Protein chains: 2
Amino acid sequence: MSVAHTEVTPQAPGPCGDEDCGIRDVLDRLGDKWTVLVMVELSKGVRRFRELHRAIPGISQRMLTLTTRRLCRDGLVERTAYPTIPPQVEYRLTPVGRSLAETIERLADWSREHKDAMAAARERWDAAYPGEASEPR
Amino acid sequence: MSVAHTEVTPQAPGPCGDEDCGIRDVLDRLGDKWTVLVMVELSKGVRRFRELHRAIPGISQRMLTLTTRRLCRDGLVERTAYPTIPPQVEYRLTPVGRSLAETIERLADWSREHKDAMAAARERWDAAYPGEASEPR
DNA sequence: CCGGATCCGCACAGATACTG
DNA sequence: CAGTATCTGTGCGGATCCGG
């Protein structure tokens, strides 16, 4: 999600008072383009950097580095570097990371169940309002 | 999230073959800055445009319009406009939208359970690597 | 093999002013 | 009240080159 842009809500003062505060930082992490894909791949087992890179077509080395580092920083992924030559680095989910991966899987379940309904709704909407075909997204 | 930028994966050919394809378009919607907040607010009941606007501090009229319209387009929110004067527009979740709201609530549960652990992990990481304090996020 | 550093373009958010 | 129209800036993400 290239989500958190200008920090309108630096930390607490914003939309809080509700119970949605907690979910923001999680979605700020899941919202970007690659985090979920990395999590899903790592939920299948330990992966080396290059394995991740190949398993996720389209990601650049830079974005994979940034994504894995953020996940490490949040304690969701553990990084193990062997000082061999050539270098070898392994990534694996931490217990907390695994629990998040399971929660993500629930979301994926919902998606699979309702993606047809959503596609149908979009088709109906686009048929009803053909003017702004490409505008909303 | 300002997530889907350049369409590296126009539709299907990308990371698919896995089972993560389904979750992408859901997260592309949840990932942006406001959608989840709107969903959470609407999960409390029917809301008028201005009520939403006040309930979500920091959102601009434009972003609220775009967010609600996308949700309508996806069949998650229903919009009812009364041609009175002044105009009056009501937004409410559809059944599909409510089921997504429940799933979001699970994510929020996870967030509340683990946010302390994540904060602690970040503190440890930042203490260990003080160099790139602000860089990753 | 893994990652750091740098440059750049573009999509999206925000602000403001205006309309039915 | 509920949007629409337009302009502008920002920061994510991609590409590329370099280093250990």
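Residues numbered from 1 in each chain as written. Chains lettered and ligands numbered in written order. Predicted model: local features only at pLDDT ≥ 70, side-chain atom pairs only at ≥ 80, totals over all residues. Heavy atoms only, no water.

Going by what an unreviewed UniProt entry lists, chain A is known as Transcriptional regulator and is assigned to Nonomuraea glycinis.

A. Expanded view of the overall build of chain A. When you go through chain A residue by residue, the secondary structure sums to five helices and three strands. N-terminal to C-terminal, the α/β element order of chain A is α-α-β-α-α-β-β-α. By the burial criterion, 43% of the 137 residues in chain A qualify as buried. With an accessible surface of roughly 7,100 Å², chain A has 53% of that area assigned to carbon and sulfur atoms. (Helix = DSSP H or I, 4+ residues; strand = E, 2+ residues; numbered from the N terminus. Buried < 20%, exposed > 50% of the residue type's maximum accessible area, 1.4 Å probe, protein only. Areas by Shrake-Rupley, 256 points an atom, 1.4 Å probe, with all protein chains shown as cover.)

B. Summary view of the sheet that holds strand β2 (residues 77–82) of chain B. All names here are of chain B. Spatially, three strands are ordered β1-β3-β2 in an open sheet, and the strand pairing comes out antiparallel. Edge strands, defined here as strands with exactly one partner in the open sheet, are β1 (47–48) and β2. On top of the sheet, helix α2 (residues 35–42) reaches β1, β2 and β3 (88–93); it is set at about 90° to β3, its chief contact. (Pairing = 2+ DSSP bridges. Contact = heavy atoms within 4.5 Å. Axes fitted to C-alpha atoms, helices over the stretch in contact; angles between N-to-C directions.)

C. View of unusual backbone geometry. Of the consecutive residues Ile 85 of chain A and Pro 86 of chain A, the connecting peptide bond is found in the cis state with omega at 5°. Relative to the helices and strands, Pro 86 of chain A is located in the loop between β2 (77–82) and β3 (88–93).

D. Quick look at the sheet that holds strand β1 (residues 47–48) of chain A. Residues and elements named next belong to chain A. Strand order in the open sheet formed by three strands is β1-β3-β2, and the pairing between neighbours is antiparallel. Edge strands, defined here as strands with exactly one partner in the open sheet, are β1 and β2. In terms of strand pairing, β2 meets β3 through six bridges, oriented antiparallel. From the neighbouring strand, Glu 78 faces β3, where its bridge partner is Arg 92.

E. Local environment of the environment of Pro 95 of chain B. Mapping Pro 95 of chain B onto the fold places it in helix α5 (residues 95–128). Remark: the alpha-carbon pair of Pro 95 of chain B and Leu 64 of chain B, spanning 31 residues in sequence, is separated by 21 Å.

F. Geometry of the confidence of the model for chain A. Scored by pLDDT, chain A has a mean of 83; 79% of the residues are at 70 or more. Confidence drops under pLDDT 50 across residues 1–19 of chain A; counting only partners more than four residues distant or on other chains, this segment forms 43 contacts. (pLDDT = per-residue confidence, 0-100.)

G. Structural context of the nonpolar core. Formed by 60 residues in total, the largest nonpolar core has its most connected members in Leu 30, Leu 100 and Leu 107 of chain A together with Leu 30, Leu 100 and Leu 107 of chain B. Ignoring anything within four residues of it in the chain, the contact list for Leu 100 of chain B reads Leu 107 and Trp 110 of chain A together with Leu 30, Met 39 and Leu 76 of chain B. (Core = buried A, V, L, I, M, F, W, Y, C linked by side-chain atoms within 4.5 Å.)

H. Just helix α2 (residues 35–42) of chain A, in detail. In terms of burial, α2 of chain A is largely enclosed, as eight of its eight residues are buried. Among all positions of α2 of chain A, only Thr 35, Val 36, Leu 37, Val 38, Met 39, Val 40, Glu 41 and Leu 42 of chain A are buried.

I. Local environment of the pattern of salt bridges. Summed over the entire model, instances satisfying the criterion amount to 18 salt bridges over all chains. The partner of Arg 73 of chain A in a salt bridge is Asp 126 of chain B, and the shortest N-O contact between them spans 2.9 Å. With Arg 73 of chain A in helix α4 (residues 61–73) and Asp 126 of chain B in helix α5, the pair connects residues from two separate chains. When its relative accessible area of 25% is taken as the criterion, Asp 126 of chain B is described as partly exposed. Ionic pairing is found between Asp 109 of chain A and Arg 112 of chain A, a salt bridge with its closest N-O pair at 3.0 Å. With a gap of three residues between them, Asp 109 of chain A and Arg 112 of chain A both fall in helix α5 (residues 95–128), about one helical turn apart. On the accessibility criterion, Asp 109 of chain A (30% relative accessible area) is partly exposed. Residue class for Arg 112 of chain A comes out partly exposed when judged on its relative accessible area of 35%. (Salt bridge = Lys/Arg side-chain N within 4 Å of Asp/Glu carboxyl O.)

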